[in-house]
There are 2 protein chains.
Amino acid sequence: MPRRKAAKARRARTDEPAGAPINFGPLANWVGFNLRMAQEATFEAFSHLSHEVGEKPGRFATLTLIAENPGISQTALSQASGRDKSSLTPVLVDLVRRGLVRRERMPGDRRSYRLNLTAEGERTLAKLNACARRHEKNLDRIIGSERTRFLAVLRKIFAEIR
Amino acid sequence: MPRRKAAKARRARTDEPAGAPINFGPLANWVGFNLRMAQEATFEAFSHLSHEVGEKPGRFATLTLIAENPGISQTALSQASGRDKSSLTPVLVDLVRRGLVRRERMPGDRRSYRLNLTAEGERTLAKLNACARRHEKNLDRIIGSERTRFLAVLRKIFAEIR
DNA sequence: TATTGTTATACTCTATAACTATA
DNA sequence: TATAGTTATAGAGTATAACAATA
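Residues numbered from 1 in each chain as written. Chains lettered and ligands numbered in written order. Predicted model: local features only at pLDDT ≥ 70, side-chain atom pairs only at ≥ 80, totals over all residues. Heavy atoms only, no water.

Draft legend 1. Inspection of the environment of I142 of chain A at higher detail. Tracing the chain through its elements places I142 of chain A in helix 6 (residues 119–143). Accessibility expressed as a relative area gives 3% for I142 of chain A, which makes it buried. In this structure I142 of chain A touches K156, I157, E160 and I161 of chain B, once residues within four positions along its chain are discounted. (Helix = DSSP H or I, 4+ residues; strand = E, 2+ residues; numbered from the N terminus. Buried < 20%, exposed > 50% of the residue type's maximum accessible area, 1.4 Å probe, protein only. Contact = heavy atoms within 4.5 Å.)

Draft legend 2. Fine view of the nonpolar core. In terms of nonpolar packing, the biggest core is built from 84 residues, with F150 and I157 of chain A together with F150 and I157 of chain B touching the most fellow members. Apart from residues no more than four positions distant in its own chain, F150 of chain A is found in contact with I143 of chain A together with V31, L35, F150, V153, L154 and I157 of chain B. (Core = buried A, V, L, I, M, F, W, Y, C linked by side-chain atoms within 4.5 Å.)

Draft legend 3. Summary view of the interface of chain A and chain B. Between chain A and chain B, the contact holds 66 residues from the first and 66 residues from the second. Taken together, both faces of the contact between chain A and chain B bury some 6600 Å²; the carbon and sulfur share is 68%. The partner of R83 of chain B in a salt bridge is E40 of chain A, and the shortest N-O contact between them spans 3.1 Å. Viewed at the interface, chain B and chain A are joined by 16 residue pairs in polar contact (both at pLDDT 80 or more). Secondary structure elements with two or more residues in the side of chain A that touches chain B: helix 1 (3–14), helix 2 (31–52), helix 3 (58–68), helix 4 (74–81), helix 6 and helix 7 (147–160) of chain A. A total of 13 residues in the side of chain A that touches chain B trace back to one element, the largest contributor, which is helix 2 of chain A. Taken together, the residues that form the side of chain A that touches chain B break down as 34 nonpolar, 14 polar and 18 charged. (Buried area = accessible area lost by both parts, 1.4 Å probe. Salt bridge = Lys/Arg side-chain N within 4 Å of Asp/Glu carboxyl O. Polar contact = N/O pair within 3.5 Å; in protein donor to acceptor, adjacent residues only side chain to side chain. Nonpolar A, V, L, I, M, F, W, Y, C, P; charged D, E, K, R; others polar.)

Draft legend 4. The arrangement of the protein's contact with DNA strand C in detail. With respect to spatial proximity, 21 residues lie near DNA strand C, and among them D84, S87 and R110 of chain A together with Q74 and T75 of chain B are the closest. In the interface set of DNA strand C, defined as its atoms within 4 Å of the protein, sugar plus phosphate atoms amount to 66%. One of the side-chain N or O atoms of K85 of chain B is found 3.2 Å from a base nitrogen in DNA strand C. For the surface near DNA strand C, the elements supplying multiple residues, two or more each, are helix 5 (85–97) of chain A together with helix 4 (74–81) and helix 5 (85–97) of chain B. (Near = heavy atom within 4 Å.)

Draft legend 5. Highlighting the relation of the copies chain A and chain B. Turning chain A through 180 degrees and shifting it by 0.0 Å along the axis lays it on chain B, with an RMSD of 0.0 Å. With respect to symmetry, the two chain copies, as superposed, fit the operation of a two-fold axis. (Least-squares fit on C-alpha atoms with pLDDT ≥ 70 in both.)

Written as structure tokens, this is what we have:
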């Protein structure tokens with residue numbers, strides 16, 4: 001798990017009594033840098049939770065997108081997640097093999113598949129949603145009353161940064 | 001560049017006239033998800049700028065940490081960046097080969113090196129800092145008056161999330 | 001014995017290009 | 001010709017474990 005180290009580094013900056021005081025210089029004041037640190041730490045925390053229910057964190061978005069867009073094609077799914085379709089192939093092979101996703105030929109166009117969750121897939125997604133709720137609760141505890149404003153800024157950045 | 005695709009996906013959600021309206025379901029309201037989307041988009045934007053000056057975005061933090069902590073050892077540097085020391089070896093080999101970093105044996109302890117920027121390293125860091133300033137200006141334009149509060153929340157998340 | 005840095009190796013995630021089978 | 005999905009392959013970035021040199 002690549003995230004263990006990151007956790008240790010974070011602790012080094014917070015818990016550590018002394019040792020070697022590292023200077024982050026201008027980095028410490030840059031939004032980009034802090035955005036990255038916060039995101040990595042957050043992702044790592046969610047990773048832990050999802051591994052507890054036996055899933056990789058990356059599966060969450062895939063399962064959600066299939067659940068919310070029943071019958072979606074692999075190409076549409078890859079576009080929605082911003083990844084090349086070839087990156088999706090092994091993910092779907094795994095999800096189908098484990099019985100979480102059902103893949104059927106489109107009736108009208110036999111080149112494409114339509115994707116749906118199986119009952120097992122729904123159960124797994126429910127478990128991941130429970131993780132996400134726990135995770136969000138932790139974040140809410142930290143963010144407090146800023147939540148709405150904070151979320152609005154994140155969305156604005158995503159929509160407008162080039 | 002893995003980031004091209006992400007850019008396309010973002011555009012798909014914003015510019016696109018129609019096509020296939022993708023449902024993001026509960027994902028759209030989760031802080032964790034939005035944090036990730038914002039960070040990926042931001043990192044991609046900085047990537048472009050740093051490639052324009054012929055550097056990888058990841059070199060920025062490494063060069064800054066060396067500049068701000070002259071004579072730092074590889075182990076200390078790896079801890080500061082939250083990566084294993086073995087991950088740093090190829091990075092430093094590259095930076096030394098390109099004449100950006102000077103590596104000298106510690107006088108007192110001949111196991112370790114002390115790292116410093118060369119004049120060329122300083123120049124490259126200056127160029128990357130210029131990128132970062134441009135990048136921050138873009139972010140500031142988007143974030144507006146929220147900046148201080150937004151930054152405070154990011155730092156709080158990084159410090160407290162587990 | 002413990003620590004610093006390197007090497008060997010592997011894993012994850014991603015991409016591009018060439019391919020197959022349809023259309 | 002064009003599109004949906006797969007395969008082959010590669011690259012970036014990370015990790016662990018074993019090692020050599022030094023402490």
